[in-house]
Amino acid sequence: VQDLSADLRAIIDLQGRIILLSLLIMGILFVILAVIVVRANKIMARRAEERLLLEEKLGEAERLATLGKMVASVSHEIKNPLGIVRSTAEILGKRISRVAPGNEHLAAIIVEETTRLDTIVREFLDFARPRELTTQLESFNVLVTRIDRFFEREFKKKGVRIVTELDTDLPMVRMDGEQMYQVLFNMVFNALQAMPEGGTLTLATGYDDQRNEVSLRVSDTGIGMDEDKCTQIFIPFFTDKNRGTGLGLAIAKNIVEKHGGRIEVWSRIGEGSVFTVILPVEDNPSPDDRSSGVDDGNGQG
Ligand SMILES: Nc1ncnc2c1ncn2[C@@H]1O[C@H](COP(=O)(O)OP(=O)(O)OP(=O)(O)O)[C@@H](O)[C@H]1O
Ligand SMILES: [Mg+2]
């Protein structure tokens, strides 16, 4: 009889080793797999979070767009009846002086308040539905002269002195004159509001030949702002006025940036503020484009 016990032990030993090795390999594989699963889970969780955020943002953008459209259409609907109310109040004002003298101010209040509402509605419309640019070569000097004429009486009433410093060699720039006038208007109106006790408003134009840019500066000697406020004033609806919508500068910024320009602000509490609109000048303008737009007799306010 052959003794096979040694072979059997060897076989059992080998089997044991194989099983052990398999167990080890399986264990390692299991650990690797577990690590992969944990990682994948983490990645998936992160992705899900990102998707949720994205969806939220998209939802918000959609909501804002819808809100914008709603505001625009409601504002538009409000404008017509508002105009009727105002003109009716104006007629009423004239008649009331005959029927009930001394009560004219009541009609004046309606006119004033509807005018204010009209401004708010227009600002909302401008903001929610910015107009396309209709550009042609224009000069900042012309805008300054126009604004001067418009505000002349208001300035005098408020005890504000106007100084205009027009660059007579100012190059013309391709711009939407009406929209740029609105930018200047908003800034001058802010300056006026910042000087309730009167002061000096300086309107200046200039040309930087190094950078080939024109500038339009509105400076006031009003209440001024601290640094913190300076960073917030262009945010839509930021206002510290009782009767402001906080859209004036947001609209101005939109318009200027659409022209490829920028607005710079300097301000100090108690000293005043300086707002500068800067626009790039197109290269190679034809010779007649380099006219200053200064018309005589309107240089000083
Ligand atoms: N020249 C200035 N001097 C001091 N503060 C200013 C000046 N211009 C703007 N600001 C500040 O910036 C804020 C935002 O101005 P913006 O013109 O956008 O809105 P608003 O004047 O408050 O309201 P509105 O929509 O009627 O213009 C103002 O409320 C004011 O606090
Ligand atoms: Mg304003």
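Since we're looking at a predicted model, the values are computed, not measured.

**Details of the environment of S5**
Within the secondary structure, S5 is located in helix 1 (residues 5-99). Here D3 takes part through its side chain, which lies 2.8 Å from a polar atom of the side chain of S5.

**Some words on the environment of V144**
If you trace the backbone, V144 turns up in helix 3 (residues 140-157). C-alpha of V144 to C-alpha of T164: the two residues are 20 residues apart in sequence and 8.0 Å apart in space. Not counting residues within four places of it along the chain, the set of residues in contact with V144 comprises T164, L166, L184, L203, T205 and L216.

**Looking at the nonpolar core**
Grouped together as the largest cluster of nonpolar side chains are 41 residues, with contacts concentrated most on F140, M180, L184, V188, L201, L203 and V277. Those elements giving two or more residues to this core turn out to be helix 3, strand 2 (160-165), strand 3 (173-175), helix 4 (177-193), strand 4 (199-208), strand 5 (213-220), helix 6 (248-258) and strand 7 (272-280). Broken down by element, the residue count for this core peaks at 8 residues, all from helix 4. Those residues in contact with L201 that sit more than four places away from it in its chain are F155, V160, R161, I162, V163, V188, A191, M195, V218 and S219.

**Remarks on the domain arrangement of the protein**
For the protein, the assigned domains are domain 1 (1-129) and domain 2 (136-289). Centre-to-centre, using C-alpha coordinates, domain 1 lies 36 Å away from domain 2. If you look at the interface, domain 1 gives 7 residues, while domain 2 gives 10 residues. Buried area between domain 1 and domain 2, summed over both chains or domains, comes out near 810 Å², and the portion from carbon and sulfur atoms is 61%. The largest contributions to the domain 1 side of the interface with domain 2 come from R116, E123 and F127, which together make up 63% of the buried area. Seen at the junction of domain 1 and domain 2, the total is 0 salt bridges. Counting every contact that joins domain 1 to domain 2 gives 1 residue pair in polar contact (both at pLDDT 80 or more).

**What to know about the site of ligand 1**
Near ligand 1, the surroundings consist of 21 residues, among which N190, T239, D240, K241 and T245 are the closest. At 2.8 Å from a nitrogen atom of ligand 1 is found a side-chain nitrogen or oxygen belonging to D220. One of the backbone nitrogen or oxygen atoms of L249 is found 2.8 Å away from an oxygen atom of ligand 1. With the chains in place, 94% of the 600 Å² that ligand 1 exposes on its own is no longer accessible. Those elements giving two or more residues to the shell around ligand 1 turn out to be helix 4, helix 6 and strand 7. Per-element accounting of the shell around ligand 1 gives the leading share, 3 residues, to helix 4.

**Let's talk about a nonpolar patch on the surface**
Nonpolar side chains collect at one region of the surface, where L21, L24, I25, I28, L29, I32 and I36 lie side by side and expose about 680 Å² of accessible area between them. Within the secondary structure, L21 is located in helix 1. By relative accessible area, which is 51% here, L21 ends up exposed.

**Overview of helix 6**
All of the buried residues along helix 6 are G248, L249, A250, I251, A252, I255 and V256. Phi turns positive one or two residues past the end of helix 6, at G260, with a value near 80 degrees.

**Quick notes on the side chain of N212**
The topology assignment puts N212 in the loop between strand 4 and strand 5. Not counting chain neighbours up to four residues away, the residues in contact with N212 comprise Y207, P280, V281, E282 and D283.

**Digging into the packing of helix 3 against helix 4**
Orientation of helix 3 relative to helix 4, taken along the N-to-C sense of each, is 40 degrees, at an axis distance of 10 Å. For the element pair helix 3 / helix 4, the angle class is oblique. Pair helix 3 / helix 4 crosses with right-handed handedness. Between helix 3 and helix 4, the residues in contact are F140, L143, V144, R146, I147, F150, F151, E154 and F155 and G177, E178, M180, Y181, L184, F185, V188, F189 and L192, respectively. When grouped by side-chain class, the residues that make up the contact of helix 3 with helix 4 number 14 nonpolar, 1 polar and 3 charged.

What counts, and where the lines are drawn
- Residues numbered from 1 in each chain as written.
- Chains lettered and ligands numbered in written order.
- Predicted model: local features only at pLDDT ≥ 70, side-chain atom pairs only at ≥ 80, totals over all residues.
- Heavy atoms only, no water.
- Helix = DSSP H or I, 4+ residues; strand = E, 2+ residues; numbered from the N terminus.
- Polar contact = N/O pair within 3.5 Å; in protein donor to acceptor, adjacent residues only side chain to side chain.
- Contact = heavy atoms within 4.5 Å.
- Core = buried A, V, L, I, M, F, W, Y, C linked by side-chain atoms within 4.5 Å.
- Buried < 20%, exposed > 50% of the residue type's maximum accessible area, 1.4 Å probe, protein only.
- Domains from an automatic or database assignment.
- Buried area = accessible area lost by both parts, 1.4 Å probe.
- Salt bridge = Lys/Arg side-chain N within 4 Å of Asp/Glu carboxyl O.
- Near = heavy atom within 4 Å.
- Areas by Shrake-Rupley, 256 points an atom, 1.4 Å probe, with all protein chains shown as cover.
- Patch = residues over 30% accessible without salt bridge, like charges linked within 9 Å, V, L, I, M, F, W, Y side chains within 5 Å.
- Axes fitted to C-alpha atoms, helices over the stretch in contact; angles between N-to-C directions.
- Parallel < 35°, antiparallel > 145°, perpendicular 65-115°, else oblique.
- Left-handed = near helix turned anticlockwise from the far one by under 90°.
- Nonpolar A, V, L, I, M, F, W, Y, C, P; charged D, E, K, R; others polar.

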